[in-house]
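Listed here are the chains, written in short residue letters.
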Amino acid sequence: MARLIIGHTTHNSTRIWVRGDRKNPAAFLNVRGGNFNRNRKMILEERFGYTGVFDIGSLSANTRYECRVQFGRTTDEPEETRVDFGHTIGQFKTFPDDDTLVDLRFLLGSCNLHSMGFWQNPDDNFRTLLKIAQSEDADFMIHCGDQIYYDIPNFMKWPDFEEYRLKYLDAWSDSRPTRKFLTRLPHYMILDDHELVDNFSNNMTSTKSGASPDDVKKHGIRVYREFQHIHNPKVYGNQALYYSYSHGGIQFFCMDTRSERVQHQDASTRTMMIDDIQMGHFKRWLTRHKDAIKFVISSVPFVGHVENNDDKWCHEDFRDQREDILKHILDKDVTGLTFLTGDMHNSYHATLEVNSDTKSTTIHELMSSPINQTSKSSLGKYLRNHEIQSRHGFNYKSNIRTNEFFNDHSNAMIIKAKNRKISYEVFRTRTGKRREMQGSYTL
């Protein structure tokens, strides 16, 4: 199992996730770099699956650090008898100062199928991710959902704390390249449905196992917090799964488009992808950074118009919220916006042209999916040049060009931001082949 993950990092801090076990619940962390050398320790609790996070501050901007975690029976364990589990030495680089606009390079990926034994072994995929991260000197990686598949291969699996934990152990423990990759740069994560159950919504009538949505959330969200969310930024309180952060002058907002959603049941049901509180935070973030380069992480597509779209932003259930966001973007003159997404088992660059009588804007979307899978989506699953007249007096048209679409399975994307130019390159994680698709646009 992964014992060390580099999490949210700023110009002067980092969050480092660790995991012990019943025999060795005490974690000892050393962080060093330049003149900085700090030791920390904590007891990891059984009720949290022996996971925890060290918050390390007082770091210097744009500086490389090394960290090492060891484990023991108590916090008094002498160094000579502490345990090393392997891949417990990490490296990271702090971000530039908040007001410094610098070149940015980051990885985007989603959908890591596991639990299929040798047939779907992710080792080569994560070796490739690490190779690209090192060769491109990537600043961090965004994991855009479906980091585990709880309901594959057993669609009838009942929600259970320990079973959810075992899925993380299965996804990250069996693959040594995965464990190593998680220690080599900061990682930002958000859940999608398979961290819970396929096509999850809060008012789904039932799951294939017969469990209620409340049962699924009770178990799945708790373990998601233990393994993923605990090392994300904490910006909007302890309960929110959405968050925001920045790399220098470039801004990021990571939506939670899964745990708050409600879909149609009857005429009295108010449908939503995100609740009013998250929507308020998101709109204020858009306004505050309206002129900045911005990326919005959504685990399901916002720009691309999917034909069979039950759980996507383009579905009729979520049309009001989607158009409310577009209206806010027009009204507040928000520019420089790119959505980042996964989910569909293909990669693309899509655009959404939004026009009213007096204003117009173009919103971009980059999709990268899947890191490790066999199924894939064709361009025929999307409606191209699809125009909609909104209920707010503007129209919007979604498009994906043929040369900006790639769907051979198992791929990821490196994204670069230089001034206001965004460039991207898709590479095969299974084979390591570069430049399967590439392109650029200016914000």
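Residues numbered from 1 in each chain as written. Predicted model: local features only at pLDDT ≥ 70, side-chain atom pairs only at ≥ 80, totals over all residues. Heavy atoms only, no water.

Brief notes about the overall build of the chain
Now for step 1: For the chain, the helix and strand inventory stands at six helices and 21 strands.
Now for step 2: A globule of 443 residues ought to have a C-alpha radius of gyration of about 22 Å, and the chain, at 21 Å, matches this closely.
Now for step 3: Considered along the principal axes of its C-alpha atoms, the chain spans approximately 70 × 50 × 40 Å.
Now for step 4: Split into buried and exposed, the 443 residues of the chain put 59% on the buried side.
Now for step 5: Looking at the chain alone, contacts between residues at least 24 apart form 72% of all its contacts between residues at least 6 apart.
Now for step 6: When the accessible surface of the chain is split by element, carbon and sulfur atoms take 44% of a total near 17500 Å².
Now for step 7: When the 60 basic and 58 acidic side-chain charges of the chain are each reduced to a single mean position, those positions are 4 Å apart. (Helix = DSSP H or I, 4+ residues; strand = E, 2+ residues; numbered from the N terminus. Rg over C-alpha atoms; globule rule 2.2 N^0.38 Å. Buried < 20%, exposed > 50% of the residue type's maximum accessible area, 1.4 Å probe, protein only. Contact = heavy atoms within 4.5 Å. Areas by Shrake-Rupley, 256 points an atom, 1.4 Å probe, with all protein chains shown as cover. Lys, Arg positive; Asp, Glu negative; His and termini not counted. Charge placed at Lys NZ, Arg CZ, Asp CG, Glu CD.)

Concerning unusual backbone geometry
Now for step 1: In this model, I152 is joined to P153 through a cis peptide bond whose omega is 10°.
Now for step 2: Checked against the element boundaries, P153 lands in the loop between β9 (140-143) and α2 (161-173).
Now for step 3: Put simply, S369 and P370 share a cis peptide bond, and its omega is -5°.
Now for step 4: Looking at the secondary structure, you find P370 in the loop between β16 (360-367) and β17 (386-389).
Now for step 5: Phi is positive for D137, close to 50°, though the residue is something other than glycine.
Now for step 6: Take D137: it is sitting in the loop between α1 (123-135) and β9.
Now for step 7: Given a relative accessible area of 38%, D137 falls into the partly exposed group.
Now for step 8: Despite not being glycine, R435 has its phi angle at roughly 55°, a positive value.

Remarks on the pairing of strand β20 (residues 421-428)
Now for step 1: For β20, the tally of buried residues reaches six of eight residues, placing the bulk of the element in the interior.
Now for step 2: Looking at chain direction, strand β19 (residues 411-418) and β20 are connected through eight bridges and run antiparallel. What sits directly across from A417, in β20, is I422.
Now for step 3: With six bridges connecting them, β20 and strand β21 (residues 437-442) associate as antiparallel partners. Bridge assignment links V426 to a residue of β21, and that residue is M437. (Pairing = 2+ DSSP bridges.)

None of the figures reported here should be taken as evidence of function without further support.
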